[in-house]
Amino acid sequence: MVKFVISKNYESNLSRIEDYIFSSTKILASVKSFLEAHDKALLFLSENSNAPAIHPETQEQSWNFGNGRYRLFFKRVEVQREIIIYLFISFNI
């Protein structure tokens, strides 16, 4: 079983991305498209959390989504057969 833990920084950046997309396009469908890509990235990570390599210094992993425009940073921890994924997010504009 996979559990996602979302940091305040993650929530804040996700909101900033949504606001930026809407303010720059004025198209709600663009925000919806971003959120769908985000959900697909989370689904992929829930099924393949070992796929991305672990950074040797920070011990974090990352995964691109949205045609490489966005990158999720996360840390995977396994506790008693439960996988916990701590999420961080970054984006390029």
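Structure first, text after, so check above.
Calculation criteria
- Counting of residues starts from 1 at the beginning of each chain's written sequence and follows it residue by residue.
- Reporting in this predicted model follows two pLDDT cut-offs: at least 70 for local features of residues, and 80 or more for side-chain atom pairs to be given and counted; totals over whole chains, interfaces and linings ignore these cut-offs and use all residues.
- As a convention, hydrogens and water are excluded, and side-chain values are obtained from all of the structure's heavy atoms.
- Comment: elements are numbered from the N terminus, with helices defined as DSSP H or I runs of at least four residues and strands as E runs of at least two.
- An expected span of 1.5 Å times one less than the residue number is assigned to each helix.
- Summary of the burial criterion: residues with accessible area below 20% of their type's maximum are buried, those above 50% are exposed, and those between are partly exposed, where the area comes from a 1.4 Å probe applied to protein chains only.
- The arc refers to the directions leading from the helix axis to the C-beta atoms.
- The convention used is that axes are lines fitted to C-alpha atoms, helices contributing only their stretch in contact, and that angles between N-to-C directions extend from 0 to 180 degrees.
- Helix crossings are classified by the rotation of the near helix relative to the far one: an anticlockwise turn of less than a right angle makes the crossing left-handed, while a clockwise turn makes it right-handed.
- Contact definition: two residues touch when any of their heavy atoms are within 4.5 Å.
- Here, a salt bridge means any side-chain nitrogen of Lys or Arg that lies within 4 Å of a carboxyl oxygen of Asp or Glu.
- Centres within 6.5 Å are what make two rings of Phe, Tyr or Trp a pair, Trp counting through its six-membered ring; a difference in plane orientation under 30 degrees is then read as stacked, over 60 as edge-to-face, and the rest as tilted.

Asker: An account of the environment of Tyr86 is requested, with residue identities and associated values reported.
Answerer: In this structure, Tyr86 sits in strand 4 (residues 82-91). Along the chain, Tyr86 and Phe73 lie 13 residues apart, while their C-alpha atoms are 8.4 Å from each other.

Asker: So what's going on with helix 1 (residues 8-25)? Residues and values would help.
Answerer: The periodicity of an α-helix, 3.6 residues per turn, causes residues three or four places apart in sequence to face the same way. Spanning 18 residues, helix 1 covers 26 Å between terminal C-alpha atoms, matching the ideal 26 Å at 1.5 Å per step. Those residues of helix 1 lying buried are Tyr10, Asn13, Leu14, Ile17 and Ile21. Projected down its long axis, helix 1 carries its buried residues within an arc of 105°, all on one side. Remark: Lys26 follows helix 1 within two positions and exhibits a positive phi of approximately 60°.

Asker: Residue-level account of unusual backbone geometry, with values.
Answerer: Of note in this structure, Asn67 is not a glycine but carries a positive phi near 60°. Within the element layout of this structure, Asn67 appears in the loop between strand 2 (61-65) and strand 3 (70-79).

Asker: I'd love a proper account of the packing of helix 1 against helix 2 (residues 28-47), names of residues and values included.
Answerer: For the pair helix 1 and helix 2, the least separation of the axes is 8 Å and the interaxial angle reads 145°. The handedness of the crossing between helix 1 and helix 2 comes out as right-handed. Residues Tyr10, Leu14, Ile17, Glu18, Ile21, Phe22 and Thr25 of helix 1 form the contact with helix 2, whose participating residues are Leu28, Ser30, Val31, Phe34, Leu35, His38 and Leu42.

Asker: Please provide a residue-by-residue account of the pattern of salt bridges, values included.
Answerer: All chains considered together, the criterion is met by two salt bridges. One salt bridge in this structure joins Glu36 and Lys32, with 4.0 Å as the shortest N-O distance. Placement of the pair is Glu36 and Lys32 together in helix 2, with a separation of four residues, close to one helical turn. Note on Lys32: relative accessible area 53%, which makes it exposed.

Asker: Explain the packing of aromatic side chains to me, using residue names and the numbers behind them.
Answerer: For the structure on display, the rule yields four aromatic pairs. When the ring of Phe44 is compared with that of Trp63, the centres are 4.5 Å apart and the planes differ by 15°; the resulting orientation is stacked. Placement of Phe44 in helix 2 and of Trp63 in strand 2 is noted, with a sequence separation of 19 residues between them. Residue class for Trp63 comes out partly exposed when judged on its relative accessible area of 29%.

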